[in-house]
Amino acid sequence: MSRAFASPSLAVQRGILGAVLLVACWEGAARGLHLPAYVLPAVSDILAGLWSKRATLIDAAGYTLLEALVGYGLGCLIGIGLAVAIALVPALRSAILPLATAINSVPVVGYSPLILLWFGIGVSSKIVMVAMAVSFTILLSMLAGLDRVDRRAVDLMKSFGASRFGVLWRLRLPTALPLLLAGMRVSTVRSVIVAIVTEMLGAHGGLGWVIYQAVLQIDFVQVWAAIFVASAASLAFFGLIGFLERKILFWT
């Protein structure tokens, strides 16, 4: 039992040590080599810029997280819904999967001009873009989980009179849960990235908009400050889904 509790603590300590070493090397390189801000600003300068613009960055982070969270939730619903439809009606697989693969064979950012034209530069276009990015990952993860069920267990349930929906609810969904949650965890970072990139192409606010404006003003310290905030938001989102995954899959 002591080893089980020591392992996570040791991992956290190593993570903190690694972060401290990275920051120290970064600060030393920036100060010692006298690097200009457009190459690599010092961490202390970035933190000072972050503090001076904290109100703007907090508002921008809230704007971006709203887009990412709503788009993420919508994308999860779409991906899970399509996977369940394929599981219940296998004939749909040959229609849905090729279409979804064709749409996602193009980087999501490639659709940005069209999405911005159709939905405007407000929150709606960012939500649509995030949902597009997330839904495909969730669809593949959910399908992989549904397909990994033991066929003998399915045949056994059917022999006892279970319907196709009963097999899905009692056997296939619980079996798919680990892969689904893993896909949801991976999609958290993607949702924030897509929201920020789309904001750079046109938005009323958000971290991507802040980064774009800072580049136009040649304020590279502000660019890095926004990147720091975006990284913190992504890590928090990732950690939240990871925490929920551990609580739901308590038997793993």
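Worth saying up front: this structure is predicted, and the values here are computed from it rather than measured.

The next thing to look at is the UniProt feature "transmembrane region" (unreviewed entry) in the protein. Per the UniProt annotation, the sites labelled "transmembrane region" (unreviewed entry) are residues 68-89, 96-121, 127-146, 192-212 and 224-244. Within the segment residues 68-89, helix and strand shares are 95% and 0% respectively, and the terminal C-alpha atoms sit 31 Å apart.

Take helix α8 (residues 164-201) next. A rise of 1.5 Å per residue sets the reference length of α8, with its 38 residues, at 56 Å; its end C-alpha atoms lie only 46 Å apart and thus fall more than 12% short of the reference. Considering bend angle alone, the principal kink of α8 is centred on L177 and spans about 45 degrees; proline P178 follows within four residues of it.

What follows deals with the pattern of salt bridges. For side chains bearing opposite charge, pairing can occur when the charged atoms are close. All chains considered together, the criterion is met by 4 salt bridges. One salt bridge in this structure joins D45 and R31, with 3.1 Å as the shortest N-O distance. On the criterion of sequence distance, the pair formed by D45 in helix α2 (residues 43-52) and R31 in helix α1 (residues 2-32) is long-range, its members being 14 residues apart. Of the residues examined, D45 reaches a relative accessible area of 32% and is grouped as partly exposed. Taking the relative accessible area as the measure of exposure, R31 reaches 41% and is therefore partly exposed. Salt-bridge contacts for R172 lead to D147; the nearest nitrogen and oxygen are separated by 3.6 Å. On the criterion of sequence distance, the pair formed by R172 in helix α8 and D147 in helix α6 (residues 123-147) is long-range, its members being 25 residues apart. The exposure class of R172 is buried, given its relative accessible area of 14%. A residue is classified by how much of its surface remains accessible, and D147, at 40% relative accessible area, is partly exposed.

Below, the discussion takes up the packing of helix α3 (residues 54-88) against α8. Here α3 crosses α8 at 150 degrees, and the two axes come no closer than 8 Å. Relative to α8, the element α3 is oriented roughly antiparallel. Along this stretch, α3 crosses α8, giving a crossing that reads as right-handed. Considering only residue class, the contact of α3 with α8 consists of 15 nonpolar, 4 polar and 5 charged.

What follows concerns the packing of aromatic side chains. Applying the stated criterion to the full structure yields 3 aromatic pairs. A centroid spacing of 5.7 Å and a plane angle of 80 degrees characterise the contact between W26 and F228, whose relative ring orientation is edge-to-face. Of this pair, W26 sits in helix α1 while F228 sits in helix α10 (residues 220-248), placing them 202 residues apart in sequence. By way of ring pairs, the aromatic residues W26, W224 and F228 are connected into one cluster. Sitting over the face of the ring of W51, R54 holds its NZ or CZ atom 4.0 Å from the ring centroid.

Turning to the nonpolar core, a few remarks are in order. Core analysis: the biggest nonpolar cluster contains 51 residues, and L57, Y72, L139, L146, M184 and L207 have the highest contact counts within it. Within the residue set of this core, elements represented by two or more residues are α1, α2, α3, α4 (93-104), α6, α8, α9 (207-216) and α10. Here this core takes 10 residues from α6, the largest share from any one element. Residue contacts for L146: discarding those within four places in its chain leaves A83, V84, A87, L168, R172, L173 and A176.

Together, V109, M200, L201, Y212 and L216 make up a nonpolar patch on the protein surface, roughly 450 Å² of accessible area in all. Those elements giving two or more residues to the nonpolar patch turn out to be α8 and α9.

Basis of the calculations
- Residues numbered from 1 in each chain as written.
- Predicted model: local features only at pLDDT ≥ 70, side-chain atom pairs only at ≥ 80, totals over all residues.
- Heavy atoms only, no water.
- UniProt positions renumbered as here; feature names shortened; annotations may be inferred.
- Helix = DSSP H or I, 4+ residues; strand = E, 2+ residues; numbered from the N terminus.
- Expected span 1.5 Å × (residues − 1).
- Bend = angle between axes of the 7 residues up to and from the residue.
- Salt bridge = Lys/Arg side-chain N within 4 Å of Asp/Glu carboxyl O.
- Buried < 20%, exposed > 50% of the residue type's maximum accessible area, 1.4 Å probe, protein only.
- Axes fitted to C-alpha atoms, helices over the stretch in contact; angles between N-to-C directions.
- Parallel < 35°, antiparallel > 145°, perpendicular 65-115°, else oblique.
- Left-handed = near helix turned anticlockwise from the far one by under 90°.
- Nonpolar A, V, L, I, M, F, W, Y, C, P; charged D, E, K, R; others polar.
- Phe/Tyr/Trp six-rings, centres within 6.5 Å; stacked < 30°, edge-to-face > 60°.
- Lys NZ or Arg CZ within 6 Å of the ring centre and 35° of its normal.
- Core = buried A, V, L, I, M, F, W, Y, C linked by side-chain atoms within 4.5 Å.
- Contact = heavy atoms within 4.5 Å.
- Patch = residues over 30% accessible without salt bridge, like charges linked within 9 Å, V, L, I, M, F, W, Y side chains within 5 Å.
- Areas by Shrake-Rupley, 256 points an atom, 1.4 Å probe, with all protein chains shown as cover.

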